[in-house]
Amino acid sequence: IKPDLREVQKAFLEYGYEGEFGKSATPPSDEEELDEWEAEKLKIERKIARLAPEQNKLLAVAEDWHSFVGHSRQTWRKHMEKLKRFVLVVGDLPIDQITREEMERYRDSLVSSGVSATTVQKYLDTLNALFRWAKRERRLIQVNPAEDVRAPRDTRSSDKRGRQPFKPQELKSILEKAQTTWSKSDR
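Let us look at the structure shown here. All figures in this text were calculated on a predicted structure; none of them were measured in a lab.

### Some thoughts on the packing of aromatic side chains
So, step 1. For the structure on display, the rule yields three aromatic pairs.
So, step 2. An angle of 55° between the planes, with centres 5.7 Å apart, marks the rings of Phe68 and Trp133 as tilted. Taken together, the residues Phe68 in helix H3 (residues 58-69) and Trp133 in helix H6 (residues 117-136) connect sequence positions 65 residues apart.
So, step 3. Their ring planes at 80° and their centres at 4.9 Å tell us that Phe86 and Tyr106 sit as a pair that is edge-to-face. Of this pair, Phe86 sits in helix H4 (residues 73-90) while Tyr106 sits in helix H5 (residues 100-112), placing them 20 residues apart in sequence.
So, step 4. The lysine or arginine in question, Lys82, covers the ring of Tyr123, its NZ or CZ lying 5.7 Å from the ring centre.

### Here's the deal with the pattern of salt bridges
So, step 1. Counted according to the given criterion, the structure contains four salt bridges.
So, step 2. In this structure, the salt-bridge partner of Glu104 is Arg100, at a minimum N-O distance of 2.9 Å. With Glu104 and Arg100 both in helix H5, this residue pair falls four residues apart, about one helical turn.
So, step 3. Classification of Glu104 by relative accessible area gives partly exposed; the value is 23%.
So, step 4. Taking the relative accessible area as the measure of exposure, Arg100 reaches 35% and is therefore partly exposed.

Calculation notes
- Residues numbered from 1 in each chain as written.
- Predicted model: local features only at pLDDT ≥ 70, side-chain atom pairs only at ≥ 80, totals over all residues.
- Heavy atoms only, no water.
- Phe/Tyr/Trp six-rings, centres within 6.5 Å; stacked < 30°, edge-to-face > 60°.
- Helix = DSSP H or I, 4+ residues; strand = E, 2+ residues; numbered from the N terminus.
- Lys NZ or Arg CZ within 6 Å of the ring centre and 35° of its normal.
- Salt bridge = Lys/Arg side-chain N within 4 Å of Asp/Glu carboxyl O.
- Buried < 20%, exposed > 50% of the residue type's maximum accessible area, 1.4 Å probe, protein only.

Structural data, given as structure tokens:
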């Protein structure tokens, strides 16, 4: 006898996530127990992600958002690049299972990979817009997990934040390359 997948999913969502790792759950204070607890939580979250209806997962909701808003092709491509990077770090979880902690983990992974604070904020802004839409238009979530997650302050001096002019050697190299490339054509 095969169990009804919807019933398994319902029971798992009710007990597995909310029952053992619900919002009121307190992680153990012992470091070793905490590692085990977090590993078990991650396993359960991945099972939930596999069992969740496809239409409620982040990338599917993002497609719905795109259809509703009507982003230009270029804007949508940029949004998808940011969303796919999020999925690489956190996973394509059901949108209502994404927490502020996942948003912070995503932000921290961007920062640790050398992404500038300005770019980190752009990545967070895309997710914030998606979550705002999911909350307001589709009522898929009660709380926007990206709402108050911010990029770290940009500590570079103001003259280093903007685009820098080419150095004389860089200009020379660019012009030489352009001349050899263009001289081969009929232009």
